[in-house]
Amino acid sequence: INPIAMILGSTIYIVFILGLYVAQALALMTIANKTNTPNGWFAWVPILNIILMLQIAELELWYIVLCFIPCVNIAVYIYMWWKIAERRGKPGAIALAMLVPVVNFFVPLYIAFADN
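Below or above, wherever it landed, is the structure these notes cover. (Residues numbered from 1 in each chain as written. Predicted model: local features only at pLDDT ≥ 70, side-chain atom pairs only at ≥ 80, totals over all residues. Heavy atoms only, no water.)

Once that is clear, we can look at the overall build of the protein chain. A tally of regular secondary structure across the protein chain gives five helices and zero strands. The helix and strand sequence of the protein chain, counted from the amino end, reads α-α-α-α-α. The principal-axis extent of the C-alpha atoms belonging to the protein chain is close to 50 × 35 × 25 Å. Classification of the 116 residues of the protein chain by burial places 36% in the buried group. Considering only intrachain contacts with a sequence separation of at least 6, the fraction spanning at least 24 residues in the protein chain is 43%. When the accessible area of the protein chain is evaluated, it comes to approximately 7,100 Å², of which 74% is carbon and sulfur surface. Side-chain charges in the protein chain split into 5 positive and 4 negative, and the spacing between the mean points of these groups amounts to 6 Å. (Helix = DSSP H or I, 4+ residues; strand = E, 2+ residues; numbered from the N terminus. Buried < 20%, exposed > 50% of the residue type's maximum accessible area, 1.4 Å probe, protein only. Contact = heavy atoms within 4.5 Å. Areas by Shrake-Rupley, 256 points an atom, 1.4 Å probe, with all protein chains shown as cover. Lys, Arg positive; Asp, Glu negative; His and termini not counted. Charge placed at Lys NZ, Arg CZ, Asp CG, Glu CD.)

And the structure:
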């Protein structure tokens, strides 16, 4: 296999993943700003972004423990996004779309940038 093709493919992949990360962090920071939640910059730091989501959703900080338990974390994230959507005036049920691969990327963007 051609090493140049491998390097190019890896570079494209890394740029793509970084683009997804930036879009998600920007969406979460925008949601924080629109809900008047302090420390919107937490959106850019792993683990802190979970704390920010809990703050936006107005949930207790101990929920973060549940975010690290396999299978339980899926339900917790859906619940968090449900509460976040409601804070932004969107139907909470939109959080169920987080269960659909690829679509789940667009849910935070919709919650952040769609006008009420």
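Bringing helix 5 (residues 103-113) into the picture now. All of the buried residues along helix 5 are F105, V107, P108, L109, I111 and A112. Here the buried face of helix 5 lies against helix 1 (3-34) and helix 4 (72-87).

With the rule as written, the count across this model stands at one salt bridge. Between R87 and E58 there is a salt bridge whose closest N-O contact spans 3.7 Å. Placement of R87 in helix 4 and of E58 in the loop between helix 2 (48-56) and helix 3 (63-66) is noted, with a sequence separation of 29 residues between them. (Salt bridge = Lys/Arg side-chain N within 4 Å of Asp/Glu carboxyl O.)

Our next topic: the nonpolar core. Ranked by size, the top nonpolar core spans 31 residues in total, and within it W81 and I84 carry the most contacts. Elements represented by at least two residues in this core include exactly helix 1, helix 2, helix 3, helix 4 and helix 5. Those residues within four positions of I84 in sequence are excluded, and the remaining contacts are I31, M53, I56, A57 and I111. (Core = buried A, V, L, I, M, F, W, Y, C linked by side-chain atoms within 4.5 Å.)

Turning next to the packing of aromatic side chains. One pass over the structure, following the stated rule, counts four aromatic pairs. Taken together, a centroid distance of 4.5 Å and an interplanar angle of 25° make the contact between W62 and Y63 stacked. For Y63, a relative accessible area of 17% puts it in the buried group. Note on Y63 and Y79: the rings are 6.4 Å apart at their centroids and 25° apart in plane angle, and the pair reads as stacked. Residue Y63 is found in helix 3, and its partner Y79 is found in helix 4; the two are separated by 16 residues along the sequence. The class of Y79 is partly exposed, set by a relative accessible area of 37%. Here the guanidinium or amino end of K90 rests over the ring plane of Y110, the centre of that ring lying 5.7 Å away. (Phe/Tyr/Trp six-rings, centres within 6.5 Å; stacked < 30°, edge-to-face > 60°. Lys NZ or Arg CZ within 6 Å of the ring centre and 35° of its normal.)

Attention now goes to the state of the cysteines. In the structure shown here, the tally under the stated rule is zero disulfides. C67 carries a free sulfur, and the closest cysteine sulfur to it, the one in C71, is 14 Å from it. (Disulfide = S-S within 2.5 Å.)

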